[in-house]
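# Architecture at a glance
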Amino acid sequence: MNWKTTATAMGLALLASTGLARADGVLNIYNWGNYTSPDVIKKFEAKYNVKVTITDYDSNDTALAKVRQGGTGFDIAVPSQTYVPIWIKEDLIQETDPGKMENFKNVAPEWANPDFDPGRKYSVPWAWGTIGVVVNTDAYKGPADSWGIIFNTPDELKGKVNVVPEMGDVMFAAIKYVGGQQCTDDKAVLKKVRDLLVAAKPNWIAMEYNTIEKMGAGDFKATSDWNGSALRQRLANPAIHYNYPKEGFGLWSDNVVVLKEAKNVENAKLFQNFIMDPENAAGLSAFHRYANAITGSDKYMPADMKDAPEVIIPAADKPRGELQQMCSPETQEIYTKIWTELQK
C-alpha cells in the first residue's frame, strides 16, 4: 500500500469515527413552487459540498404525471399524503428507511407512523397545514367562517373570488359544504356537489395557485387557500384574514421522497436526514410559513409564527379538522369526472 492509499484510508476512517459525512456532487429537487428556503439549501450545499437544483411544480397531479413519464433527472419530490400511497404502489419511489436515520428521533410522534407510509419507509415530513377560506376584510365585512364564501359567494365578493385548483381540496370542501363525508360515493351527495360547483364557478374570477401575490395586490378579494400562504398574505396586508370553515376543513402534509430513478440517492438520503434536524426544519418553516413535524424546532421558529392564527389552530376549531385521504380508485374516478366538467 503506497502512502496515498494509506492517507485515503486514514481519512475515511476518520470520517467514519467522527460521524462526519461528505457527499460531493449534485441533488435535483422537484418541489412545489415558492416552497423551498434558499438559505436552508445553501446550508445543505455548504455542509455536504452538493450543488442543488430546484424545479417547481404547481399541483400533485402535475408532479405525478411528470414522474410517471420517467427520465426526469430528479432525485427528490414532495407529494402530499394523499398521493404518497400512489407513488408507492406504482413503484415510483424507493425505500430509504428514514425511520432508521439519525434525525428521525426528532419527528413528532403523531407524524412518525402515518397511515400513508407506515413506519416511514419512504418519506420524511416537509410541512403540514390546513386549507380554509381567506378574505380581504376591506372588501367584505360579513362572516367568513364558511365554505359558502367560495360556493355560495356573497354579492360583495362575486367576480372577486379565486379557487386554488387542487382537485382533492376543492372536492373535500364542496362535499363538506353539502353535508357529506370525505371520499363519499353517495350519488345524491355527489349530484349536489356537481350542481354546487357548476353554479358557483361563474362567481369566481379565477382558479389559480398564485394567491400570495394576487391577494396582496388586491386582484383577488377572497380565495380558498392553504394556511401558510394566508399567513404570508396577512404579513403583507393586515386586512387579510384566514378562516376555518364551520362545515369542516382539511389537514394535509407534504413529504420528501426519493424517486426510483434517482441518480444521486445518497445525497437524497442526506437531504432527508438534514431536514429532520430541528434548526433546519424551522428554517424551512420560516420561508414557507407552514408548521413542520419536527420536535425541538419551536425554539428556532420565527416569533411571528409562534402564535399566528393561521398556524396554531384555535382550540374551538380543532375538532372540525380532518386529515385528507386518497379515496378509492372508483370514487376518485367520479370526482375526476366532476372536476373535468368544471374545467370546461
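These numbers were taken from a predicted model, which means no experiment stands behind them.

Calculation rules
Residues numbered from 1 in each chain as written. Predicted model: local features only at pLDDT ≥ 70, side-chain atom pairs only at ≥ 80, totals over all residues. Heavy atoms only, no water. Axes fitted to C-alpha atoms, helices over the stretch in contact; angles between N-to-C directions. Helix = DSSP H or I, 4+ residues; strand = E, 2+ residues; numbered from the N terminus. Parallel < 35°, antiparallel > 145°, perpendicular 65-115°, else oblique. Left-handed = near helix turned anticlockwise from the far one by under 90°. Contact = heavy atoms within 4.5 Å. Nonpolar A, V, L, I, M, F, W, Y, C, P; charged D, E, K, R; others polar. Phe/Tyr/Trp six-rings, centres within 6.5 Å; stacked < 30°, edge-to-face > 60°. Lys NZ or Arg CZ within 6 Å of the ring centre and 35° of its normal. Salt bridge = Lys/Arg side-chain N within 4 Å of Asp/Glu carboxyl O. Buried < 20%, exposed > 50% of the residue type's maximum accessible area, 1.4 Å probe, protein only. Lys, Arg positive; Asp, Glu negative; His and termini not counted. Polar contact = N/O pair within 3.5 Å; in protein donor to acceptor, adjacent residues only side chain to side chain. Pairing = 2+ DSSP bridges. Right-handed = clockwise from strand over helix to strand, strands pointing away.

### Notes on the packing of helix H2 (residues 38-48) against helix H11 (residues 265-274)
At a minimum axis distance of 11 Å, the contact between H2 and H11 shows a crossing angle of 125 degrees. Comparing the axis directions of H2 and H11 gives the class oblique. Once H2 is placed against H11, the crossing between them reads as right-handed. Residues Val40, Ile41, Lys43, Phe44, Lys47 and Tyr48 of H2 lie in contact with H11, whose contacting residues are Asn267, Leu270, Phe271 and Phe274. Each residue belonging to the contact of H2 with H11 can be placed in one class, and the counts come to 7 nonpolar, 1 polar and 2 charged.

### Quick word on the packing of aromatic side chains
Scanning the entire structure with this criterion turns up 18 aromatic pairs. Between Phe44 and Phe274, the ring centres sit 5.2 Å apart and the planes meet at 70 degrees, which makes this aromatic pair edge-to-face. With a gap of 230 residues between them, Phe44 in helix H2 and Phe274 in helix H11 connect regions that are remote in the sequence. Here the aromatic cluster, defined as three or more aromatic residues joined through ring pairs, consists of Tyr35, Phe44, Tyr48, Trp126, Trp252, Phe271, Phe274 and Tyr290. Over the ring of Phe287 we find Arg232; its NZ or CZ atom is 5.2 Å from the centre of that ring.

### A word on the pattern of salt bridges
If you walk through the whole model with that rule in mind, you get 14 salt bridges. The salt bridge partner of Asp317 is Arg320, with a shortest N-O separation of 2.5 Å. Among the charged side chains, a network of salt bridges with common partners joins Lys191, Arg194, Asp195 and Glu341.

### Structural notes on the side chain of Glu45
Take Glu45: it is sitting in helix H2. Lys51 provides the closest opposite charge to the buried, unpaired Glu45, separated from it by 4.0 Å. Beyond its immediate sequence surroundings of up to four residues, Glu45 is in contact with Val50, Lys51 and Val52.

### With respect to unusual backbone geometry
Backbone geometry at Asp91 places phi at a positive 60 degrees, although glycine is not the residue there. By the element assignment, Asp91 lies in the loop between helix H4 (84-89) and helix H5 (109-112). Its identity as a non-glycine residue notwithstanding, Asp97 has a phi of 50 degrees, on the positive side. Mapped onto the elements of the fold, Asp97 is located in the loop between H4 and H5. What makes Asp97 partly exposed here is its relative accessible area of 23%.

### Some thoughts on the environment of Asp91
Residue Asp91 is classed as partly exposed on the basis of its relative accessible area, which comes to 44%. Each C-alpha atom of the pair Asp91 and Tyr177 lies 35 Å from the other, and the pair is 86 residues apart in sequence. Among the polar contacts listed, one links the side chain of Asp91 to the side chain of Lys260, at a separation of 2.5 Å.

### Describing the environment of Met305
Here Met305 is to be found in the loop between helix H12 (278-288) and strand S10 (321-323). Once residues within four sequence positions are removed from consideration, Met305 is found in contact with Leu231, Ser285, Ala286, Arg289, Tyr290, Val311 and Ile312.

### Regarding the pairing of strand S1 (residues 25-32)
Burial of S1 is extensive: 6 of the 8 residues sit out of reach of the surface. Pairing between S1 and strand S2 (residues 50-57): 8 bridges, direction parallel. Counted as the bridge partner of Asn28 is Thr53 from S2. Read from S1 through H2 to S2, the crossover connection turns out right-handed. With 2 bridges connecting them, S1 and strand S3 (residues 76-77) associate as parallel partners. Residue pairing for S3: Tyr30 is matched across the bridge by Ala77.

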